[in-house]
Amino acid sequence: AGGAGKPVLPGLGSHDPRVRQAPASWPWRAVVLLQIPGAARCTAFLVAPRVVLTAAHCLYVVRAGHFAPAESVHVLTGYSAGRFTRHAVAIGYRLAPGYDPRHVPADFGADVAVVTLDRAMAPPDEVLRLAGGATPSAAMLGGYNQDRAEVIEADPACAVLGGAVDAAGRPLLRHDCAATRGTSGAPLLVHEADGWRVAGLQVAAASGRASGIAVPAATLRRVLATPSG
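The rules behind these values
- Residues numbered from 1 in each chain as written.
- Predicted model: local features only at pLDDT ≥ 70, side-chain atom pairs only at ≥ 80, totals over all residues.
- Heavy atoms only, no water.
- 1 Å grid on protein atoms, 1.4 Å probe; cavity = no way out; pocket = protein on both sides within 12 Å on 5 of 7 lines; lining within 4 Å.
- Points joined across faces, edges and corners; volume = space filled by probe spheres on them.
- Helix = DSSP H or I, 4+ residues; strand = E, 2+ residues; numbered from the N terminus.
- Nonpolar A, V, L, I, M, F, W, Y, C, P; charged D, E, K, R; others polar.
- Pairing = 2+ DSSP bridges.
- Axes fitted to C-alpha atoms, helices over the stretch in contact; angles between N-to-C directions.

Turning next to the layout of surface pockets. Once rolled over the atoms, a probe with the size of a water molecule shows which space is left empty. The volume enclosed by the largest pocket comes to roughly 190 Å³. Along its surface, the largest pocket is lined by 13 residues, and His57, Arg181, Ser184, Val203 and Ala205 are the ones closest to its centre. Going through the elements one at a time, strand 3 (40-48) and strand 15 (195-205) are the ones with two or more residues in the lining of the largest pocket. By residue number, the principal contributor to the lining of the largest pocket is strand 15, which donates 4 residues. Across the lining of the largest pocket, the residue classes break down as 5 nonpolar, 6 polar and 2 charged.

Here we take up the sheet that holds strand 4 (residues 51-54). Across a sheet, paired strands are connected by hydrogen bonds in the backbone, their directions being either parallel or antiparallel. If you trace the 6 strands once around the closed barrel, you get 2-3-4-9-8-7, paired in antiparallel fashion. The sheet shows a mean angle of 40 degrees between the axes of neighbouring strands, taken without regard to direction. In this sheet, strand 3 lies alongside strand 2 (residues 31-36) in antiparallel orientation, the contact comprising 6 bridges. Counted as the bridge partner of Val31 is Phe45 from strand 3.

Cis peptide bonds are those with omega within 30 degrees of zero, and the linkage from Trp26 to Pro27 qualifies with 10 degrees. Along the chain, the position of Pro27 falls in the loop between strand 1 (19-20) and strand 2. Cis geometry marks the peptide bond from Val104 to Pro105, where omega comes out at 10 degrees. Tracing the backbone shows Pro105 in the loop between strand 8 (86-95) and strand 9 (113-117). A positive phi angle, near 50 degrees, is found at Ala81, a position not held by glycine.

Okay, here's the thing in structure tokens:
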């Protein structure tokens, strides 16, 4: 993945199955670039016309020691090599209960943020839905990987390996999808009878191999249903 003499980034192994995706194609047009200029770039995905989910740690500015103000959080749809279809700014966000950026990885099961935007970024029928019931094993994971940050690249044929828990007993999903830094906040996608659904939200990549962990859809559903404030 890194080439001769270059270290392999976390979440990648010796074989790199990632494939470039067209940002206007489905389901990738619901996958967005989230950035805090000068501080962070991550992946997020639309769950409502003005709402995206991402990893909570993407909103924490480590060198400043605090979470970024909402107005510094920008979201771009259809992003590819400097071009994009829509741009929005956050008007607010909330974190999953119990998340503390100082306690990673202990708090991985709460590493979720719900970001509300200042404008609609897609029609209601072009947002991603959460998976229901048993999670299929076949999966796909893609986003704005650090080593190819200007395009969406995805591992189109990976698998959910099973469950795990964080230090507080919160559920997680293990997978063998190839994805590295920058894909935090990306949707772990599975194909159900009615199309692509979100089985989880990518929060961490393993060291030295194609593998990572995601927060499962059941947790995402509870976080979305939690009232603000």
